[in-house]
Each structure stands twice: as C-alpha cells, then as structure tokens.
Amino acid sequence: MDKKILTIQDLSCVGQCSLTVALPILSAYGFETCVLPTAVLSNHTMFKQWSYLDLTPEVDNIYSNWKANGFEFDAFLLGYLGKATLMDAAERAFDEFSADGRLIVIDPVFADNGKLYGGFDMEYVKCMAHLIRRADIILPNLTEACFLTGIEYKTEYDEKYVEKVLAALSGLTGAALVVTGVELEGKIGEAIKQGDKTSYVMGEKLPVSKHGTGDIFASVFTAEYLGGKSLGEAADRASVFVQDCLRATPDEHFYGVVFEKILSAQRR
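These figures come from a predicted structure and were not determined experimentally.

So, how was this worked out
Residues numbered from 1 in each chain as written. Predicted model: local features only at pLDDT ≥ 70, side-chain atom pairs only at ≥ 80, totals over all residues. Heavy atoms only, no water. Helix = DSSP H or I, 4+ residues; strand = E, 2+ residues; numbered from the N terminus. Rg over C-alpha atoms; globule rule 2.2 N^0.38 Å. Buried < 20%, exposed > 50% of the residue type's maximum accessible area, 1.4 Å probe, protein only. Contact = heavy atoms within 4.5 Å. Areas by Shrake-Rupley, 256 points an atom, 1.4 Å probe, with all protein chains shown as cover. Lys, Arg positive; Asp, Glu negative; His and termini not counted. Charge placed at Lys NZ, Arg CZ, Asp CG, Glu CD. Patch = residues over 30% accessible without salt bridge, like charges linked within 9 Å, V, L, I, M, F, W, Y side chains within 5 Å. Salt bridge = Lys/Arg side-chain N within 4 Å of Asp/Glu carboxyl O. 1 Å grid on protein atoms, 1.4 Å probe; cavity = no way out; pocket = protein on both sides within 12 Å on 5 of 7 lines; lining within 4 Å. Points joined across faces, edges and corners; volume = space filled by probe spheres on them. Nonpolar A, V, L, I, M, F, W, Y, C, P; charged D, E, K, R; others polar.

1. A word on the overall build of the chain
Here is step 1: From N to C terminus, the chain includes nine helices and 11 strands.
Here is step 2: On C-alpha atoms alone, the chain measures out to a radius of gyration of 18 Å, which is about the 18 Å that the 2.2 N^0.38 rule sets for 268 residues.
Here is step 3: Its C-alpha atoms put the chain at 55 × 40 × 40 Å along the principal axes.
Here is step 4: Here the chain holds 268 residues, and the buried ones make up 49% of them.
Here is step 5: Within the chain, contacts between residues at least 6 apart in sequence are counted, and of these 66% link residues at least 24 apart.
Here is step 6: Accessible surface computed for the chain: about 12800 Å², of which carbon and sulfur atoms make up 49%.
Here is step 7: The average position of the 25 basic charges and that of the 37 acidic charges among the side chains of the chain differ by 2 Å.

Right, here's the structure in full:
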C-alpha cells in the first residue's frame, strides 16, 4: 500500500518554501501528500510586504471531519509552525491520525545564523523542545540545535563542539538527529546521530545562500528516507539536490531556488 504523508506548515501563495515546496516534492516521489496549512500568506516574508491569515481556528473543524472519514497517515513532516498553539495541534494529529508504524519528522524552523527569526521568542523554543520528544527524526540547523540545548552558538568550531551539541540534543529527545548547516574544514553538511553512532555527510560549500533551501532539504530527505534510504543516504541525496538547485538559480531570483527544474529532471 502506498504511504500517505501529512505535512503541517504554512502556505505562501508566492515564494518557493513551506507547502509549495513540500507538496510537489513529496508527490513527485510517489507519496500521497496531504496538507494541514497553518496559515496563508500572500507571499513569504523575504518580500517587503505581505499579508497573513491565521488558519488555527479551522483546525478543530478539519480534525473532526478527518476523524469522521477515518483518515490515517503513515508519516508526518512538520515545517514552519509559527505559533506554539500549533504544536498542540500537531500532537493531536499524532495521537488521533497515526497509522501503525508511522514516522514523525520535525524540522523546527525558528532560527538561523545565530539568531531567532522575527516573531519567535524563547517561549516558542521551549515549546519546540517539548514537541521534539515526539519525533522519530529531527532536522534542526546548528543555530536551532544550540537554542534548543542552551549551548552558545559559535561560528568557528570543531567536531568536539558539534558532538557536544548532539549529545545535549539527545538528552531532549530519543529521535535520530540530522543537524544541518554544519561547517568543518571548508565544507558544509549534516551531523547525524542515531543512538551512540555519529557520522557526517559533508559537501561543497557554495558561495550563495537562498530562501527555502531548508524546506527543500527536509522534503527530499523525508521522501528518500521513506523510500528506504538510510539517514546518511537520505541526507546526502537531499544535500546534493539543494546544491543542484542553488547552481541552477540565477542571482536575480532572490526569493528562493528554482527547484522545479531539478525535480523535473530527477524524476524522468
């Protein structure tokens, strides 16, 4: 039977991120992809102006109809939530709509480059530290891992520092850890910890940064892992996919990456 995935995150009508990334990528991999939009934005917040419609009041109605229809999901992918109350809604989804053997993947999405994103505070971080206890796999970047554990974020570090963060993060959750944005010896990639085993997936550090690459990584990683790849293999394939997207995106395309061309070529 084909796997059915529920992804919970916002919908930006313009901008390549969140649901407009997760839905096509997971679907292209052959998974039935269902969505719980947490909010509708006219466009994402990298633009100079945007509108925001909070969909939290509709969650109860959606859940009651899902329950009446007997829906269950084989996997959950959580991205940008934006509000602590939506973490409660996510836990309800896990409790009420999980099929046997379900997988929960959580990308915390609240900080980068040593700073919280706008609109987030330490109370949100505290709530996320509680939510990740429910995960099977978490995908924080290094900044988010530091905020979750209370370890000082550094821009210069070695493997010993990374493994200190991984150990502290393991103290918060039994989930497998895939920490992204780790830079060592001029390369960038992921630090992976599952049980007592730690490994690294490192690649070329490109001289460019674009919006939405974390959402793309999470979507490709989840699809590859559900397709039978190991944590390391899924991380490697997701990293290569993101790098290909960055290389294909012209400089003037400032608000995201042209993942569609890479996805189309890959799925032929």
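Picking up after the structure, the text goes on.
2. Description of a negative patch on the surface
Here is step 1: Together, D158, E159, E163 and E185 make up a region of like negative charge exposed at the surface.
Here is step 2: Position of E185 among the secondary structure elements: in the loop between β9 (176-184) and β10 (187-194).

3. A few points about empty space enclosed by the protein
Here is step 1: A full pass over the atoms with the stated rule returns one cavity of 30 Å³ or more.
Here is step 2: The volume enclosed by the largest cavity comes to roughly 50 Å³.
Here is step 3: Together, Q9, S18, A22, L77, L78, G79, D107, G214, D215, A218 and S219 line the largest cavity.
Here is step 4: Of all the elements in the fold, those that place two or more residues in the lining of the largest cavity are β4 (73-78) and α7 (213-226).
Here is step 5: With four residues, α7 is the single largest residue contributor to the lining of the largest cavity.
Here is step 6: Here the residues of the lining of the largest cavity are counted per class, giving four nonpolar, five polar and two charged.

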